[in-house]
Amino acid sequence: MELRLENLTKIFTNKTGIETTAVDKLDITIESGKLVGLLGPSGCGKSTTLFMIAGLVKPTSGKIFFGDDDVTKLAPEKRGIGLVFQNYALYPHMTVYQNILFPLENMDVPRDEAITRVKEMANLVGIGNLLDRKPSQLSGGQQQRVAIARALVKKPKVLLLDEPLSNLDARLRLQMREEIKRIQREIGITTIFVTHDQEEAMSISDKMVVLDFGKEQQYDAPQEMYNSPDNLFVAKFLGNPPINTFEAEVKKGYLTINDKKFMKVDLPDALYDIGMRPENFRVAEEGGFEVDIHNIFHIGRDTMIHFEFNGKNLRALVDSDDISHGQKKVKLTIKSERVYIFDKETGLVTNHG
Amino acid sequence: MADFIKNVKGFFNKVGTAIKKFFWDVRRKINNVRRRISNFLDKHNLNFANKFPGWAKALIYLSPALIVLVIFTFYPIINSFALVVYQNYNMTNDTITGYTIFGNFLTVITDESFIVPASHTGSSAVINTLIIVFISVPISVLLALFIAAALNSIKPLKNFFQTIYFLPYVTNTIAIGLVFAYMFKTEGGLVNQFLSLFGMDTEGLSWVESGAVYWRSMFVLIFYSIWSSLAFKIMVFLTSIQGIDKQYYQAAAIDATPRNRIFSKITVPLISPMIFYILVTSVIGAFKIYNAIVALFGVTGQPAGVDYNLQSIVMYIYKFIDGSNAGNLSVAAAGSLILFAIILVLTLVQMQVSKKRVHY
């Protein structure tokens with residue numbers, strides 16, 4: 001089912017009357033059966049957006065559509081959603097079986113069918129053998145699976161996940177995100193996934209939304225967004241190690257760094273923010289620009305070098321074979337389409353599509 | 001005007017800062033002195049505190065409370081076990097005529113008006129107490145639970161209602177008892193006036209005075225004990241309900257859980273340890289009922305001009321210390337031990353029953 005947000009806005013007012021805009025005029029259409037990641041730093045309004053879709057938070061203005069139905073005013077239980085909370089909210093006094101059965105007990109489902117559905121769902125998420133345990137006897141990953149089973153057992157139209165992996169350790173997180181993807185594929189349910197971890201969002205989402213201060217920054221497929229960020233915020237937010245940024249001037253049609261013509265650009269003369277991703281640098285035999293290496297970090301597959309460029313410390317991630325121990329200088333190149341030039345005022349990218 | 005408010009605020013800020021600074025310095029000086037004392041002790045090897053083993057230190061710190069407990073709690077408990085084997089103990093000259101194991105218990109058990117209803121009153125202390133316990137405790141626990149749940153779900157005037165329900169807790173029991181006795185007066189009492197509004201014939205309908213039948217007086221007593229014990233229970237339940245993670249309710253809301261199921265399947269199980277605690281302490285408290293009866297019916301537990309008696313077990317025991325049979329402490333001790341045994345057995349039963357129902 002398609003899910004559409006129209007001009008969705010949430011303003012919180014505290015006791016002293018100060019207003020905080022948590023979500024600002026969000027316009028997003030989520031296609032049926034897709035897994036969409038809501039990504040942003042803490043406090044950017046991503047969970048608020050999710051809770052508004054769930055109906056637990058009332059929007060200040062704007063509309064939410066499930067398919068063609070306007071659900072903005074609908075109570076949460078009438079929306080047909082499944083929600084997985086950040087800390088799962090499994091009922092501690094019920095067994096896994098009772099937890100998964102709970103939503104069905106409130107619905108008009110024959111008992112035999114309910115039991116079959118609980119067992120099917122438990123097997124689908126891989127906890128079929130743990131039905132008699134209490135949540136406190138489960139590991140974090142298992143609790144997570146129970147929470148997903150509980151959300152899915154009533155066959156919701158939309159599955160909402162609120163930072164579902166943030167309470168798991170790093171290894172389990174990798175495993176669970178593959179699991180979530182698999183379960184979502186198998187059921188083909190429209191899913192919204194909130195996270196602050198860009199790597200997580202990129203690896204799991206069909207498309208993702210980056211939010212900052214409640215405003216949509218970009219809505220695109222992960223790799224698209226990574227390769228052509230709309231603005232400086234998205235460029236900085238995606239990627240680990242983060243993108244290198246510094247200021248540089250465009251003079252007479254050339255991007256000029258250190259008084260040298262760096263590359264030809266079709267932009268009016270002004271000061272711009274420049275972004276270059278560490279992994280886009282290449283070590284060159286000839287040409288390129290020579291830099292002084294400050295530090296070399298060998299991190300297995302790649303080597304990270306810190307160097308000074310245009311008065312700023314930048315990072316480059318290069319092939320380990322191209323750098324020898326104790327090397328002082330290196331020549332680097334970067335493709336011109338991998339250089340991002342952002343407008344100083346608006347932060348919007350000027351040289352990408 | 002705005003300037004004036006600004007000046008006043010500025011003044012208070014300055015005073016506040018000065019006070020904070022003063023206490024900061026005081027703390028610094030105290031710490032300084034403390035440090036110097038400890039340095040001095042270390043230097044001259046006088047720091048005895050470090051020489052004691054852990055348990056000895058614990059004992060020293062616990063001693064003030066322990067001394068009070070030993071004098072006023074442990075000694076009386078042990079002493080009542082000693083008293084119970086004395087025969088014809090005389091309090092005034094501290095003499096006994098011999099020892100007995102079951103004699104005093106037999107005296108109590110066979111005594112009219114303890115278990116056996118007395119011929120002239122038609123009621124006994126144990127029966128009275130059991131009626132109070134088994135009627136007032138379940139009603140008050142359930143009522144407190146519902147009121148707490150209701151208080152938790154209202155938004156406007158929340159604090160106002162919480163105060164109203166908490167008032168009985170801070171009010172003197174005897175004072176409330178007197179007010180109750182006044183409310184249930186035969187002539188012009190509030191309750192009778194209220195009933196006559198509905199066309200009931202309240203002429204000579206007495207509740208706590210002469211002419212009142214046993215169950216009517218008992219009703220007033222139970223009503224009173226429920227009401228006066230409600231406040232504390234509501235407070236405990238309300239705090240524990242407020243401590244429940246809101247996400248459980250959000251999850252339940254998304255699953256379209258009806259209100260009564262949320263209450264019985266989520267709220268009650270999650271606060272079940274508190275419900276159990278309240279149940280056990282209320283049963284114990286109800287068995288020890290004393291001043292409620294005194295407040296309503298006087299020290300004899302017998303409303304004027306009636307032929308029954310509403311005394312409780314504790315009142316029965318107290319009679320042997322300060323009443324018609326004063327001085328026979330051995331019988332009082334036997335009565336207390338029987339009360340203790342009843343409470344112990346009931347508590348053990350409750351613990352057994354609750355094992356499956358309480359979720360920690």
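Residues numbered from 1 in each chain as written. Chains lettered and ligands numbered in written order. Predicted model: local features only at pLDDT ≥ 70, side-chain atom pairs only at ≥ 80, totals over all residues. Heavy atoms only, no water.

Trainee: Which residues make up the packing of helix H11 (residues 272–287) of chain B against helix H14 (residues 329–354) of chain B, and what values do they have?
Mentor: All names here are of chain B. Two elements in contact, H11 and H14, have axes separated by 10 Å at closest approach and are oriented at 160°. It follows from the interaxial angle that H11 and H14 lie roughly antiparallel. For the element pair H11 and H14, the recorded crossing hand is right-handed. Contact with H11, carried on its side by Phe276, Leu279, Val280, Val283, Ile284 and Phe287, involves Leu339, Ile342, Ile343, Leu346, Thr347, Gln350, Met351 and Ser354 of H14 and no other residues of that element. (Axes fitted to C-alpha atoms, helices over the stretch in contact; angles between N-to-C directions. Helix = DSSP H or I, 4+ residues; strand = E, 2+ residues; numbered from the N terminus. Parallel < 35°, antiparallel > 145°, perpendicular 65-115°, else oblique. Left-handed = near helix turned anticlockwise from the far one by under 90°. Contact = heavy atoms within 4.5 Å.)

Trainee: How would you explain the packing of helix H4 (residues 125–153) of chain B against H11 of chain B if you had to name every residue and give the values?
Mentor: Residues and elements named next belong to chain B. The interhelical angle for the contact between H4 and H11, taken along N-to-C directions, is 150°, at an axis separation of 9 Å. As judged from the angle between their axes, H4 and H11 are roughly antiparallel. Crossing angle aside, the handedness with which H4 passes H11 is right-handed. Contacts between H4 and H11 pair Thr129, Leu130, Val133, Val137, Val141 and Leu145 from the former with Ile275, Ile278, Leu279, Ser282, Val283, Ala286 and Phe287 from the latter. Of the residues that constitute the contact of H4 with H11, the class distribution is eleven nonpolar, two polar and no charged. (Nonpolar A, V, L, I, M, F, W, Y, C, P; charged D, E, K, R; others polar.)

Trainee: Tell me about the interface of chain B and chain A, residues and numbers included.
Mentor: When the parts of a complex come together, some accessible area is lost, and that lost area is often used as the size of the interface. Taken together, the contact pairs 18 residues of chain B with 21 residues of chain A. Buried surface at the junction of chain B and chain A, both sides included, amounts to about 1800 Å², of which 60% is carbon and sulfur. Considering only the side of chain B, the residues that lose the most area to chain A are Gln247, Ile254 and Asp255 of chain B, jointly responsible for 37% of the buried surface there. Here lysine 154 of chain A ties to aspartate 255 of chain B by a salt bridge, and the two come within 2.8 Å at their closest N and O atoms. Our enumeration of links across chain B and chain A arrives at eight residue pairs in polar contact (both at pLDDT 80 or more). If you list the elements that add at least two residues to the side of chain B that touches chain A, you get helix H9 (246–254) and helix H10 (259–270) of chain B. Element by element, the count of residues in the side of chain B that touches chain A is highest for H9 of chain B, at seven residues. (Buried area = accessible area lost by both parts, 1.4 Å probe. Salt bridge = Lys/Arg side-chain N within 4 Å of Asp/Glu carboxyl O. Polar contact = N/O pair within 3.5 Å; in protein donor to acceptor, adjacent residues only side chain to side chain.)

Trainee: Provide a residue-level description of the sheet that holds strand E19 (residues 329–334) of chain A, including the pertinent values.
Mentor: All names here are of chain A. Taken in spatial order, the five strands of this open sheet run E15-E19-E16-E17-E18, and their pairing is antiparallel. Lying at the two open borders of the sheet, with one neighbouring strand each, are strand E15 (281–283) and strand E18 (312–319). Adjacent strand axes in the sheet meet at a mean angle of 50°, parallel and antiparallel pairs treated alike. In the sheet, strand E16 (residues 289–299) pairs with E19 via four bridges, with the strands oriented antiparallel. Along E19, the bridge assignment pairs aspartate 292 with lysine 329. (Pairing = 2+ DSSP bridges.)

Trainee: Please give an account of the sheet that holds strand E5 (residues 69–70) of chain A that cites residues and values.
Mentor: All names here are of chain A. Spatially, four strands are ordered E2-E1-E4-E5 in an open sheet, and the strand pairing comes out antiparallel. At either margin of the open sheet sits one strand with a lone partner, and together these are strand E2 (19–30) and E5. Pairing analysis gives eight bridges linking strand E1 (residues 3–13) to E2, with the strands arranged antiparallel. By the bridge assignment, arginine 4 is partnered in E2 with threonine 29. Each of E1, E2 and strand E4 (61–66) touches helix H1 (residues 46–54); the most contacted strand, E1, lies at about 115° to it.

Trainee: Tell me about the nonpolar core, and name the residues and values.
Mentor: Counting residues in each nonpolar core, the largest one holds 113 residues, and the members touching the most others are Leu160 of chain A together with Leu221 and Phe237 of chain B. In this view, leucine 221 of chain B contacts Ile132, Ile289, Ala292, Ile293, Leu296 and Phe297 of chain B; residues no more than four positions away in its chain are not counted. Grouped together as the second largest cluster of nonpolar side chains are 36 residues, Leu101, Ala114, Ala122 and Leu152 of chain A included. (Core = buried A, V, L, I, M, F, W, Y, C linked by side-chain atoms within 4.5 Å. Buried < 20%, exposed > 50% of the residue type's maximum accessible area, 1.4 Å probe, protein only.)

Trainee: Quick rundown of the environment of threonine 73 of chain B? Include the residues and the values.
Mentor: Residues and elements named next belong to chain B. Tracing the backbone shows threonine 73 in helix H2 (residues 54–83). Here threonine 73 falls in the partly exposed class, since its relative accessible area comes to 31%. Taking the C-alpha atoms as reference, threonine 73 lies 25 Å from glutamine 350; in sequence the two are 277 residues apart.

Trainee: An account of the pattern of salt bridges is needed here, citing residue identities and associated values.
Mentor: All names here are of chain A. With the rule as written, the count across this model stands at 19 salt bridges over all chains. Notably, a salt bridge pairs lysine 215 with aspartate 24, separated by 3.0 Å at the nearest N-O pair. Linking lysine 215 in strand E10 (residues 215–220) with aspartate 24 in strand E2, this pair joins segments that are 191 residues apart in sequence. Residue classification places lysine 215 among the partly exposed residues on the basis of a relative accessible area of 44%.

Trainee: Which residues make up the domain arrangement of chain A, and what values do they have?
Mentor: Residue and element names in this part refer to chain A. One can read the domain layout of chain A as domain 1 (3–237) and domain 2 (244–249 + 276–341). A separation of 39 Å is found between the C-alpha centroids of domain 1 and domain 2. With seven residues of domain 1 in contact, the opposing surface of domain 2 contributes five residues. Seen at the junction of domain 1 and domain 2, the total is zero salt bridges. For the pair domain 1 and domain 2, the number of links is three residue pairs in polar contact (both at pLDDT 80 or more). Among the elements of the structure, helix H7 (222–227) and helix H8 (232–237) are those that each provide at least two residues to the side of domain 1 that touches domain 2. Taken together, the residues of the side of domain 1 that touches domain 2 break down into four nonpolar, two polar and one charged. (Domains from an automatic or database assignment.)

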